Amino acid sequence: MKEIIAEFLDMVKERNGHEPEFLQAVEEVAETVIPYIVQHDIYYGKNVLLRMVEPERLVSFRVCWVDDDGEIQVNRGYRIQMNSAIGPYKGGLRFHPTVNASILKFLAFEQVFKNSLTTLPMGGGKGGSDFDPKGKSDNEIMRFCHAFMSELFRHIGPNTDIPAGDIGVGQREIGFLFGKYRKLRNEFTGVLTGKGLTWGGSLIRPEATGYGTVYFAENMLRTKNDNFEGKTVVISGSGNVAQYAAEKCIVIGAKVVTLSDSSGYIYDKDGIDADKLKFVMHLKNVKRGRIKEYVKEYPEAKFVKGKTPWSEKCDIALPCATQNELDIEDAKALLANGCMCVSEGANMPSTNEAIKEFHKARILFAPGKASNAGGVATSGLEMTQNSLRYKWTREEVDKKLREIMQDIHNSCTEYGQEDDGYIDYVKGANIAGFVKVADAMLAQGVV
Ligand SMILES: NC(=O)C1=CN([C@@H]2O[C@H](COP(=O)(O)OP(=O)(O)OC[C@H]3O[C@@H](n4cnc5c(N)ncnc54)[C@H](OP(=O)(O)O)[C@@H]3O)[C@@H](O)[C@H]2O)C=CC1
Ligand SMILES: O=C(O)CCC(=O)C(=O)O
């Protein structure tokens, strides 16, 4: 089996050798899905996985815009349309200086499996730009978003490809993108999700990824007759996902002790309570400030510059910032400190070596494609409401989100439970995600 996997990965490497993040994501999937393919005649010999690692379409384009000093700026925009076998392409847009084809391809590849797991009819895609929103004025953000959409609009549509937010793209950016699309197409459709509540957005979408990550962890803990009550939780990031993961943890009785950004992390031994979190939300979403400002407001907390929070003692870890933010040494530190559950809010935050360490220790570990799927699932619910020209209540959407996270947990258990009862959620998520897409691809023939 090792040789078959190595041969497949060599083929992928030959075509994508310069894309380390994409290769990492493919390797993690191949290690669990190829043994399943080999055991199942309907998939074997059909090159289904080989087809899945090749994007159906990869669009790259120039984005020119004028900054507040009147200087012309040039950025690069992308949309990766990875797989549409089970529905229109769906996935976020990332605006961050590190964005390149490798990062977006890994995200689009993960999205295919994630969207399949949600039980909703959505294919996978991802896009973005190397544009850095940090330090830009609202007017600069608007001009960039309008310039970006002036090309992207050709490639998307409510039945073709429905982008949403990701790092650096929140409701402000979705507003500017939506406004330009509406103007160019002269139509009001659900072409983007994460919209404002008065113009087609869904209740709970802002909260959904963070809440969903916690709901998934609750499902995992339930298998051990355990829950969040009284647990110490370490969270990385302080953006959309981290904020709402923290909010849900606090509500269900856990103590959140850290948040972070790319400058470092804050540790609050007394716990970040609802009022302190309100301060963080204002700091990050309105003032667009840095997390270290937390310690000015709450001097009993400490700021640790340039470090991730994984060396702090906790029961549960929720990595909610970015890819590869938790490596093997971090995994060892978490385990040594007694961490028993890791639920990924970010996409691929743990390296493959760190995941192996968690598995070796037999702790509860959920990969992002399962545990952070609540965001895109609620985007799917936003699309449904847009199609129905209807609006569900907060309670209705939250109930559906909880059910979806439970369904994803059940799928992971179905495909990932081992003989001794241990649930390998990586294996479960990869195979369950694969089966649905592969079946659709086989039914539709070679296209
Ligand atoms: N938004 C959503 O619905 C979904 C998001 N995700 C994933 O969740 C993660 C976070 O996204 P989201 O909260 O939306 O994004 P935001 O832009 O709202 O927040 C991102 C956070 O991560 C930090 N961060 C970004 N890059 C780095 C880095 N290189 N090192 C350390 N910290 C970093 C940011 O700090 P700083 O401000 O300093 O850059 C910020 O605190 C991403 O992996 C995203 O793909 C997954 C599913 C859905
Ligand atoms: O809501 C969406 O469509 C996108 C969410 C996303 O980008 C993700 O799940 O990583």
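Scroll up to find the structure this text is about.
This text gives an overview of the structure that appears in the document. (Residues numbered from 1 in each chain as written. Chains lettered and ligands numbered in written order. Predicted model: local features only at pLDDT ≥ 70, side-chain atom pairs only at ≥ 80, totals over all residues. Heavy atoms only, no water.)

1. Looking at the overall build of the protein chain
Within the protein chain, the regular secondary structure consists of 16 helices and 12 strands. Its C-alpha atoms give the protein chain a radius of gyration of 21 Å, within 12% of the compact-globule value 22 Å for 447 residues. Counting only C-alpha atoms and orienting by the principal axes, one finds that the protein chain spans roughly 60 × 50 × 45 Å. A buried classification covers 57% of the 447 residues belonging to the protein chain. (Helix = DSSP H or I, 4+ residues; strand = E, 2+ residues; numbered from the N terminus. Rg over C-alpha atoms; globule rule 2.2 N^0.38 Å. Buried < 20%, exposed > 50% of the residue type's maximum accessible area, 1.4 Å probe, protein only.)

2. Topic: the site of ligand 1
Inspection of the region around ligand 1 gives 25 residues, with Asp166, Thr209, Ser262, Arg290 and Asn347 positioned closest. Between ligand 1 and Arg94, the relevant distance is 3.0 Å, taken from an oxygen atom to a side-chain nitrogen or oxygen of the residue. In this structure, Arg205 approaches ligand 1 through a side-chain N or O atom, which is 2.9 Å from an oxygen atom. Notes on ligand 1: free accessible area 890 Å², of which the protein chains cover 83%. Contributing elements (two or more residues each) for the shell around ligand 1: α7 (205-222), α8 (240-251) and β7 (255-261). Split into classes, the residues belonging to the shell around ligand 1 amount to 5 nonpolar, 13 polar and 7 charged. (Near = heavy atom within 4 Å. Polar contact = N/O pair within 3.5 Å; in protein donor to acceptor, adjacent residues only side chain to side chain. Areas by Shrake-Rupley, 256 points an atom, 1.4 Å probe, with all protein chains shown as cover. Nonpolar A, V, L, I, M, F, W, Y, C, P; charged D, E, K, R; others polar.)

3. Regarding the pairing of β7
For β7, a buried count of 6 out of 7 residues is recorded, marking the element as mostly surrounded by other parts of the structure. Pairing of strand β6 (residues 232-235) with β7, which is carried by 3 bridges, proceeds in the parallel orientation. Pairing of Val234 across the sheet is with Thr258, part of β7. Judged from the 4 bridges that link them, β7 and strand β8 (residues 264-267) form a sheet pairing that is antiparallel. Paired with Thr258 across the strands is Tyr267, a residue of β8. Linking β7 back to β8 in an antiparallel pair, the connection comprises 2 residues. (Pairing = 2+ DSSP bridges.)

4. Re the site of ligand 2
Close to ligand 2 lie 14 residues; Lys90, Lys114, Lys126, Arg205 and Ser379 are nearest. Between ligand 2 and Gly92, the relevant distance is 3.0 Å, taken from an oxygen atom to a main-chain nitrogen or oxygen of the residue. Relative to its unbound accessible surface of 290 Å², ligand 2 loses 95% to contact with the protein. Mapped by element, the contributors of at least two residues to the shell around ligand 2 are β3 (89-95), α4 (101-117) and α14 (374-388). For the shell around ligand 2, a count of residues per class yields 2 nonpolar, 7 polar and 5 charged.

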